[in-house]
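# Chains, contacts and geometry: an overview
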Amino acid sequence: MNGPPWGRGLFLELDGRGPRHAQLTRALKEAIRNGRLPAHTRLPPTRELALSLGLSRSTALAAYEQLQAEGFLESRQGSGSFVAPQQMAPVPSKVPPAREVAPPSRYVTRLREGIDRAVGRRHYGLRYNLQYAEPLVQPGLAERWSKEIAHAAAYTDTDYPRTQGLPALREGICDYLARRRGVVASPDDVIIVNGAQQAYSLSARVLLDEGDRVALEDPHYFSSYQIMRVHGAEIVGVRTDEDGMVCDELPAEPARLVCVTPSHQFPGASLMSLPRRLQLIAYAEKHGSWIVEDDYDGELRFDGHPLAALRALDAASRVIYVGTFSKVLFPSLRLGYMVVPPALRDDFLAAKWLSDMASPAIEQAALAALIADGSFERFLRTGIKDLKLRRDTLLDGLRTHVGDRLELYDPPAGMHIVGWFRGLDEAQATRLVDHAASRGLGLHPMAPFYLDPPSRPGLLIGYAGMSCAEIREATRLFGSCLRELGL
Ligand SMILES: Cc1ncc(COP(=O)(O)O)c(C=O)c1O
């Protein structure tokens, strides 16, 4: 009655949603329900499974316990955990469509066209993942946050919240922006949104008709590209260099909207120079264009005071400023903000109301408290110190183990650096990325972020989500992968 052992080739993909033990529970359940793990299969010991997926043993243990409680697994004294006989027939993983459906909307057609772009896909289950946009692990933040949330849950009005956002949060943001980003705004100019992602979506809805021209930095932030494209915009990529967007190359036929990341170009990592900033504002004034300034990690500079935001130079009110709490706090919070020119405020508010009425009030109240007593900026300061340490460890490790093979572009800001391969062609770089993944190391190419492909292969290297020890190991493994392929 021991049943077949765990198939070594079984591939479990975690979906990245929620706590890891819940992700693992879902992945195992899916494998059981679709028959990849048939009844009576013996699962590996938790220690072995955890090791193979780069998880902690307690994560695997929690998943097994959950599956046992739900009747998916049986534990047999002394011989391990087994898949329980199921009450239901296995569900095939891909259900064929029952009948032809009506043609999709233009929106859905464009959505589907974007799906095969590799950009934005996340990789899970790798031991060391040099992935951009992993949250920064801040000691003490989870504990502090849970206290604020508990307090806010007890005291926040349970009626529908204001569409614009809680006044206390908007006030806190204005004070913070004035001191740290040089942006002078009143709480009436601020709208609380569900992350920068919603700010881009609302901007597309409020400012664009189908076919309107949108100028994007190239390389660009994948969400801004997808949102504008799916909205039906005509996208024009504008080259970037070490001074940010090359504004001489903005389209002569005016763009209705220009999307930029001036304080830390994403993903190229440059800082937009003052002459370029002035040039961009002059372009917007001349052509009546709007500028979306995405200041996603503008506050994360390691070398003194950050440069003021573009919005601080904007006398003619052409800039829609976007900030997020995803970087300094964590992305699952889904809170960000926009500072909107007075002429657009009512339209943005109406679009936000139609979209979701308002952002969740309890989280807003907890965040307002964190900002008001100075904790947010304390987390910001320690976060910057931590990030700098990790970045220095990464640079050191890459120089030691990867050496001349990568030319590094490492501005003192943010959560990622860029490395351009020396002497490797595209095919060799792809081989390296695949080989590294098979060895448990996530490397992420730059090419998918470009409309106009770069002249040589490069990597976007994120370091926020790993400890210094892990970063050291990751760079060592990177070096081994190069040697194993003879590159
Ligand atoms: C350029 C850029 N903007 C904004 C964000 C944050 O988006 P959100 O606030 O929707 O989490 C990111 C996150 O990866 C980013 O890279």
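For the structure, see preceding data.
Criteria and cut-off values
Residues numbered from 1 in each chain as written. Predicted model: local features only at pLDDT ≥ 70, side-chain atom pairs only at ≥ 80, totals over all residues. Heavy atoms only, no water. Near = heavy atom within 4 Å. Polar contact = N/O pair within 3.5 Å; in protein donor to acceptor, adjacent residues only side chain to side chain. Helix = DSSP H or I, 4+ residues; strand = E, 2+ residues; numbered from the N terminus. Salt bridge = Lys/Arg side-chain N within 4 Å of Asp/Glu carboxyl O. Buried < 20%, exposed > 50% of the residue type's maximum accessible area, 1.4 Å probe, protein only. Pairing = 2+ DSSP bridges.

Attention now goes to the site of the ligand. Near the ligand there are 13 residues, and of these Tyr132, Ala196, Asp294, Thr324 and Ser326 occur at the shortest range. Note that an oxygen atom of the ligand is positioned 3.0 Å from one of the backbone N or O atoms of Gln197. The contact in question runs from an oxygen atom of the ligand to an N or O atom on the side chain of Arg334, over 2.8 Å. The element that contributes the greatest number of residues to the shell around the ligand is helix H7 (residues 195–207), accounting for three residues.

Evaluated as defined, the whole model comprises 29 salt bridges. Of the charged contacts, one joins Asp303 and Arg301 as a salt bridge, the two residues approaching to 3.2 Å between their closest N and O atoms. Here Asp303 falls in the partly exposed class, since its relative accessible area comes to 45%. Under the relative-accessibility criterion, Arg301 is labelled buried at 13%. Across the pair Asp410 and Arg391 runs a salt bridge, and its minimum N-O distance is 4.0 Å. A residue pair is termed long-range when its members are at least 10 positions apart, and Asp410 in the loop between strand S12 (406–409) and strand S13 (416–421) and Arg391 in helix H12 (residues 375–401) qualify at 19 residues. Residues joined in a network through salt bridges with shared partners are Lys388, Arg391, Asp392, Arg399 and Asp410.

Moving on, we get to the pairing of strand S9 (residues 290–294). Among the five residues in S9, five count as buried, and that is most of the element. Going residue by residue along S9, you find Trp290, Val292 and Asp294 tucked away on one face and Ile291 and Glu293 tucked away on the opposite face as well. Note: strand S8 (residues 257–260) against S9, four bridges, orientation parallel. Looking across to S9, one finds that Val260 is bridged to Glu293.

Along the chain, the position of Asn129 falls in strand S3 (residues 128–129). Classification of Asn129 as buried rests on a relative accessible area of 11%. A distance of 2.7 Å separates a polar atom in the side chain of Asn129 from a polar atom in the side chain of His444.

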